[in-house]
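Architecture and fold: a report
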Amino acid sequence: MGVDVGSPYNLAELIRLSHVTGGDASQLYFFDPRKLLNKPDFKEIINIMTVGIPESPHYMPHIIEPDLEEFFSTYPGRIIATDITPSAIPLPNFEFYENDLILIGNENHGLL
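Cut-offs applied
Residues numbered from 1 in each chain as written. Predicted model: local features only at pLDDT ≥ 70, side-chain atom pairs only at ≥ 80, totals over all residues. Heavy atoms only, no water. Helix = DSSP H or I, 4+ residues; strand = E, 2+ residues; numbered from the N terminus. Buried < 20%, exposed > 50% of the residue type's maximum accessible area, 1.4 Å probe, protein only. Contact = heavy atoms within 4.5 Å. Polar contact = N/O pair within 3.5 Å; in protein donor to acceptor, adjacent residues only side chain to side chain. Core = buried A, V, L, I, M, F, W, Y, C linked by side-chain atoms within 4.5 Å. Salt bridge = Lys/Arg side-chain N within 4 Å of Asp/Glu carboxyl O. Phe/Tyr/Trp six-rings, centres within 6.5 Å; stacked < 30°, edge-to-face > 60°.

Quick look at the overall build of the protein chain
- Helix and strand counts for the protein chain stand at three helices and five strands.
- Of the regular secondary structure in the protein chain, the N- to C-terminal order runs β-α-β-α-β-α-β-β.
- Taken across its 112 residues, the protein chain has 34% of its residues classed as buried.
- Here the contacts in the protein chain between residues at least 6 apart in sequence split such that 73% fall between residues at least 24 apart.

Pasting the structure below:
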């Protein structure tokens, strides 16, 4: 899940990563409080960067708004927050389960 990702390039990379790692079993969510996906230039960059990915609801982000807490309270799996700290477990060493939700924060301020 991208949480307030500020760059269309980074969101496009999340879409591509979702496609490569999970295929149809993967689902990408995006919390968009600034309504960036409504901007034509944002959409255009994402469309260009995701050429070749099948047009499928599995590969396009599902917008979560406005209540992120409600979404978390009803999500059926674990919610995993990513962070860059000395005590963080490197993602390649982490044991994931089928319904895990990985949170990836804003490029500048992370998961505030």
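Observations concerning the environment of Asp100
- With respect to the secondary-structure elements, Asp100 resides in the loop between strand 4 (79-81) and strand 5 (101-103).
- Judged by its relative accessible area of 13%, Asp100 falls in the buried class.
- Excluding its chain neighbours within four sequence positions, the residues that come into contact with Asp100 are Tyr75, Arg78, Ile80, Phe94 and Glu95.
- Side chain to side chain, Asp100 and Arg78 meet in a polar contact 2.7 Å long.
- Here Tyr97 takes part through its backbone nitrogen, which lies 2.7 Å from a polar atom of the side chain of Asp100.

Observations regarding the nonpolar core
- Membership of the largest hydrophobic core is limited to 11 residues, which are Val5, Leu11, Leu14, Ile15, Leu28, Phe30, Leu36, Leu37, Phe42, Ile46 and Ile53.
- Listed by contribution, the elements that provide at least two residues to this core are helix 1 (8-22) and helix 2 (40-49).
- Per-element tally for this core: the top contributor is helix 1, with three residues.
- Contact partners of Ile46, with chain neighbours within four places excluded, come to Pro8, Leu11, Ala12, Ile15 and Leu37.
- Counting residues in hydrophobic clusters, the runner-up holds five residues, among them Tyr29, Phe71, Tyr75 and Leu101.

Side note on the pattern of salt bridges
- Scanning all chains against the criterion turns up one salt bridge.
- Between Asp100 and Arg78 there is a salt bridge whose closest N-O contact spans 2.7 Å. Of the two residues, Asp100 is situated in the loop between strand 4 and strand 5 and Arg78 in the loop between helix 3 (68-74) and strand 4; the sequence distance between them amounts to 22 residues.
- Given a relative accessible area of 31%, Arg78 falls into the partly exposed group.

Considering unusual backbone geometry
- Backbone geometry at Lys35 places phi at a positive 60°, although glycine is not the residue there.
- As for its position among the elements, Lys35 is in the loop between strand 2 (29-31) and helix 2.

What about the packing of aromatic side chains?
- Enumeration over the complete set of coordinates arrives at three aromatic pairs.
- Look at Phe71 and Phe72: their rings are 6.1 Å apart centre to centre, the planes differ by 50°, and that puts the pair in the tilted class.
- Given the relative accessible area of 25%, Phe72 is considered partly exposed.
- Through a chain of ring-to-ring contacts, three or more aromatic side chains come together here, namely Phe71, Phe72 and Tyr75.

None of this, on its own, says anything about what the molecule does.
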